[in-house]
Amino acid sequence: MLPTLRQLHYLKLLAEHASFSRAAEAAHVSQPALSAGVQELEKILGAPVVERTRGAVQLTAVGAEAVKRAEDVLARTEDLVEAARNAGKPLSGRFRLGIIPTVAPFLLPAALPGLREAYPALRLFIREDLTPRLIAGLKAGQLDAAVIALPYEAPGIDHARIGDDEILAAAPVGHPLAGLGPIPEGMLKADDLILLEDGHCLRDQALAAIKVEAPRGEDVFAATSLHTLVQMVSSGLGVSFLPQMAVRAGLADNPGVVIRPISADAPRREIVVAWRTGSSRAREARLLAEALMIQPEGG
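Model, not experiment: these values are computed from the prediction. (Residues numbered from 1 in each chain as written. Predicted model: local features only at pLDDT ≥ 70, side-chain atom pairs only at ≥ 80, totals over all residues. Heavy atoms only, no water.)

A.B. asks: How would you explain empty space enclosed by the protein if you had to name every residue and give the values?
C.D. replies: Using the criterion set out here, one finds two cavities of 30 Å³ or more in the structure. If you add up the space inside the largest cavity, you get close to 40 Å³. Secondary-structure elements contributing two or more residues to the lining of the largest cavity are β7 (195–196), α7 (201–210) and β9 (240–243). Per-element tally for the lining of the largest cavity: the top contributor is α7, with three residues. (1 Å grid on protein atoms, 1.4 Å probe; cavity = no way out; pocket = protein on both sides within 12 Å on 5 of 7 lines; lining within 4 Å. Points joined across faces, edges and corners; volume = space filled by probe spheres on them. Helix = DSSP H or I, 4+ residues; strand = E, 2+ residues; numbered from the N terminus.)

In structure tokens, the structure reads:
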């Protein structure tokens, strides 16, 4: 015998909610029905998948491995259903798109009207989050595609290019680096920097480009968003980095902020639409990348 999709779905929900009652509610079944389904799965696998203790549900080693594989099976099954429903109708029906916060507010407002016009049957559900969680969502089948920035190591993920986005320096007016032209190599120092909080890929990409380690210590400032970062720079707290798409969108239109290129090499990040390798929605993700293509400055 093989596990059923229903049994795998019950196990996945149980792992997510760590409670039989909450998992049953999420599955829209009674708790005894969900419990029976999990017990049948354990009989098929020949090993317990959960440890039942008062007030808590803990996955066993077999259960954790089963959840990992169940997520992949369920994601591919959902892909099959969506592909069948939308056969011959690309980018129609539900499409779950993730996007990183250093791209979302600058790319989507300009791109979405044209996307809706080109694909009127598309129902786009957008989730803004950090890259690691978006990649996890792709692999778990919770997202169909995600807009992320490279370089970023993500095995099992394919992608299509949207465009390049130059990384620029932002300095307070009156700061020694608030001059004209590219900042000479080696002039940006860790002690001068204020950055996005850890987890934002723009932070790591910018630091790697200038070959500087992140400043450390309890008194180091970290911003939760680019908007906050601009205000911190304007207040004279230090120098930081902004993506060109944010500057073009007017984020740095602040009298207290000066924008400069970083060296003559102009470090860039590559913006892409990413999807799980083998996804049946890969063709649609490629079409989405074409629709979201970043236009060059002046284009």
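After that view, the rundown keeps rolling.
A.B. asks: Quick rundown of the pattern of salt bridges? Include the residues and the values.
C.D. replies: Applying the stated rule across the entire model yields 12 salt bridges. Close ionic contact of Glu-40 with Lys-43 constitutes a salt bridge, the shortest N to O distance being 3.6 Å. Taken together, the positions of Glu-40 and Lys-43, both in helix α3 (residues 31–45) and three residues apart, correspond to about one turn of that helix. Judged by relative accessible area, which is 35%, Glu-40 ranks as partly exposed. For the salt bridge of Asp-129 with Arg-127, the shortest nitrogen-to-oxygen distance reads 3.5 Å. In this structure Asp-129 comes out as buried when scored by relative accessible area, which is 15%. Its relative accessible area of 28% is what places Arg-127 among the partly exposed residues. (Salt bridge = Lys/Arg side-chain N within 4 Å of Asp/Glu carboxyl O. Buried < 20%, exposed > 50% of the residue type's maximum accessible area, 1.4 Å probe, protein only.)

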